[in-house]
Amino acid sequence: MSATIFRNAQLHITSPDFNGVSDFAVQDHRIIPMDPSLLQNTAAEEIDLNGKHVSPGFIDLLVNGCRGASFTNDPTVFTLENMRSFELQHGTTTFIPTLLSCQRETLTKALVAIRTFKNNHTTVCPGMHLEGPFINYLYKGFQPESYIRQISESDIGYLSQVRDLIAYMTIAPENVRPKYILALQTAGIRLSVGHSAASYFEALSTFKAGVHMVTHLYNGMRPIIGRDPGIIGATLESPLVSAGIIADGRHVHPSVIKLMHSLLKERMYIVSDTQAPAGTLKQQGSFSVAGTEIFIDKKRGLIDSKGSLAGTEITLFDAVKFLIHSCDYTLDEALYAATAAPAHALNLKEIGTIAPGNIADLVIFDDNFKIQYVLQNGYMKNIGDVI
């Protein structure tokens, strides 16, 4: 397969091989260093980027829905394809669909859809995020309490059989016995702490047991206080733990994001937590997800009838821009939080960094943060073709 050569690019989040480099190439779906021998192939295409920025494709570990569709409400391949198209339009080349607490029938339907979708797009979706039902009802947010429950031996057996379809699962460790946490990890299911009332010591014990992720830090958990630092304090003390933050300006204050960045550094990644209204042309007053009515409030965002936040309408690129404009991030720091950091959190190989041999998932944008091109698995699309 002939190469596509890109010249005069500003490369971001690279391996040392690309330090100080402005030219690179893509061949056989992979990123490769520029080599003069590539030009000997007359079929090779050269593209002058004229100083545009090139970043690894964004990796969003928490996506609920978009364009009027919710994966929990309609866990189908059609919904996933709709999500893929929307995410690609905004530079996200890898995403994790989220399934909220639900009945077993909905979970089974979602697993069938994920299997088909993964087979069709092997590099796009590592699996789904189970955000329940083994969480604490005290910190459930807008999730339906009727589906929240304790985990059982039967659940362990069922989930173990479909582990390849689960990217990660959010649990409240105080409600999941240590032997079950061990069983899930032994089965190869990655766990994340969230929607939890866990104390500092409970969270720290869970992290020491090998759970190395936290779902949307500060949201859906006990607040940090002087006498009990809780999950947040335990996260800060645990160097192997990565934590996601919803960077929309409503879920976590910019000053707190700046503080967490200074303390967690590369262990902090960002998520969109985007919901069905994202990307819709017609504004509506409310929508339903998991049987709960969510109101679209211009000042407070997406909220349920009790005022609990219920996700966002942003994209991950919006979150990147928010970090730069409101949280004093540099461009590279913000891009890292949307690429290499989530890849590291989920141990995703061959994406998240511009490096020789990595999958050619790339987003190309100008100084005004307008996306020009997106490459997904080496296939290049003009952004106008994706919209």
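These numbers were taken from a predicted model, which means no experiment stands behind them.

A. Here's a closer look at the overall build of the chain. Counting its regular elements, the chain contains 11 helices and 22 strands. Taken against the 2.2 N^0.38 rule, which gives 21 Å for 387 residues, the C-alpha radius of gyration of the chain at 21 Å falls within 12% of a compact globule. Put simply, the chain has 387 residues, and 58% of those count as buried. Side chains of the chain give 31 positive and 37 negative charges; the mean places of these two sets differ by 6 Å.

B. Structural detail: the sheet that holds strand β6 (residues 53-56). Read across the sheet, five strands follow the order β2-β6-β20-β21-β22 without closing on themselves; strand pairing throughout is mixed. Looking along the sheet, the strands with just one partner apiece sit at the ends: β2 (10-11) and β22 (379-382). Here β6 runs beside strand β20 (residues 362-365); their pairing, made up of four bridges, is antiparallel. Looking across to β20, one finds that proline 56 is bridged to leucine 362.

C. Up close: the pairing of strand β3 (residues 24-27). Of the pairings in the sheet, the one linking strand β1 (residues 4-7) to β3 comprises three bridges and is antiparallel in character. Considered in β3, the bridge of phenylalanine 6 is made with phenylalanine 24. Across four bridges, β3 lies against strand β4 (residues 30-33) in antiparallel orientation. Within β4, the position partnered with phenylalanine 24 by the bridge is proline 33. If you look at the hairpin formed by β3 and β4, you'll find two residues sitting between the two strands, and aspartate 28 has a positive phi there, around 50 degrees.

D. Looking closely at the sheet that holds strand β18 (residues 292-297). Spatially, β17-β18-β19 is the arrangement adopted by the three strands of the open sheet, whose pairing is antiparallel. The sheet terminates laterally at β17 (286-289) and β19 (301-303), the two strands that pair on one side only. Going from strand to strand, the sheet's axes swing by 30 degrees on average, the running direction of each strand aside. Here four bridges tie β17 to β18, and the two strands are oriented antiparallel to one another. Residue pairing in the sheet places phenylalanine 287 in a bridge with isoleucine 294 of β18.

E. Here's a closer look at helix α5 (residues 200-208). Of all the positions in α5, only Tyr200, Ala203, Leu204, Thr206 and Phe207 are classed as buried. With its buried residues spanning 160 degrees around the axis, α5 presents them on a single face. In α5, the exposed residues that point more than 90 degrees away from the buried face are Phe201 and Lys208. Turning to α5, the residues buried within the fold contact α4 (178-186), β13 (191-193), β14 (213-214) and α6 (230-237).

F. A look at the pattern of salt bridges. If you walk through the whole model with that rule in mind, you get 12 salt bridges. A salt bridge links arginine 7 to aspartate 23, with the nearest nitrogen and oxygen atoms 2.9 Å apart. Residue arginine 7 is found in strand β1, and its partner aspartate 23 is found in the loop between β2 and β3; the two are separated by 16 residues along the sequence. What makes arginine 7 partly exposed here is its relative accessible area of 22%. With a relative accessible area of 18%, aspartate 23 lands in the buried category. For arginine 30, the salt bridge is made with glutamate 350, and the minimal N-O distance between the two is 3.0 Å. Note that arginine 30 is positioned in strand β4 and glutamate 350 in the loop between α10 (340-345) and β20, a separation of 320 residues in sequence. A residue is classified by how much of its surface remains accessible, and arginine 30, at 28% relative accessible area, is partly exposed. Within the structure, one salt-bridge network assembled from shared partners comprises Arg7, Asp23 and Glu46.

G. View of the packing of α5 against α6. Interhelical geometry of α5 versus α6 gives an angle of 40 degrees and a closest axis separation of 7 Å. Classified by the interaxial angle, the pair formed by α5 and α6 is oblique. Between α5 and α6 the crossing geometry is right-handed. Contact residues: α5 offers Tyr200, Ala203, Leu204 and Phe207, while α6 offers Gly230, Ile231, Gly233, Ala234, Thr235 and Glu237. Of the residues belonging to the contact of α5 with α6, the class tally is six nonpolar, three polar and one charged.

H. Spotlight on helix α8 (residues 316-326). When α8 is considered as a whole, its buried residues turn out to be Leu316, Phe317, Ala319, Val320, Phe322, Leu323 and Ile324. Backbone geometry just after α8 places aspartate 328 at a positive phi near 60 degrees.

I. The arrangement of the environment of aspartate 328 in detail. Examined against the element boundaries, aspartate 328 turns out to sit in the loop between α8 and α9 (331-338). Along the backbone, aspartate 328 and phenylalanine 24 are 304 residues apart, and their C-alpha atoms lie at a distance of 30 Å. Look past the residues within four positions of aspartate 328 in its chain and what remains in contact with it is Lys258, Leu323 and Glu333. Polar side-chain contacts of aspartate 328 include one of 3.3 Å to the side chain of lysine 258.

J. Main features of unusual backbone geometry. With omega at 10 degrees, the peptide bond leading from glycine 132 into proline 133 counts as cis. On the secondary structure map, proline 133 appears in the loop between β11 (128-131) and α3 (153-161). Even without being glycine, phenylalanine 369 reaches a positive phi, approximately 65 degrees. Residue class for phenylalanine 369 comes out buried when judged on its relative accessible area of 18%.

Rules behind the numbers
- Residues numbered from 1 in each chain as written.
- Predicted model: local features only at pLDDT ≥ 70, side-chain atom pairs only at ≥ 80, totals over all residues.
- Heavy atoms only, no water.
- Helix = DSSP H or I, 4+ residues; strand = E, 2+ residues; numbered from the N terminus.
- Rg over C-alpha atoms; globule rule 2.2 N^0.38 Å.
- Buried < 20%, exposed > 50% of the residue type's maximum accessible area, 1.4 Å probe, protein only.
- Lys, Arg positive; Asp, Glu negative; His and termini not counted.
- Charge placed at Lys NZ, Arg CZ, Asp CG, Glu CD.
- Pairing = 2+ DSSP bridges.
- Axes fitted to C-alpha atoms, helices over the stretch in contact; angles between N-to-C directions.
- Arc of directions from axis to C-beta.
- Contact = heavy atoms within 4.5 Å.
- Salt bridge = Lys/Arg side-chain N within 4 Å of Asp/Glu carboxyl O.
- Parallel < 35°, antiparallel > 145°, perpendicular 65-115°, else oblique.
- Left-handed = near helix turned anticlockwise from the far one by under 90°.
- Nonpolar A, V, L, I, M, F, W, Y, C, P; charged D, E, K, R; others polar.
- Polar contact = N/O pair within 3.5 Å; in protein donor to acceptor, adjacent residues only side chain to side chain.

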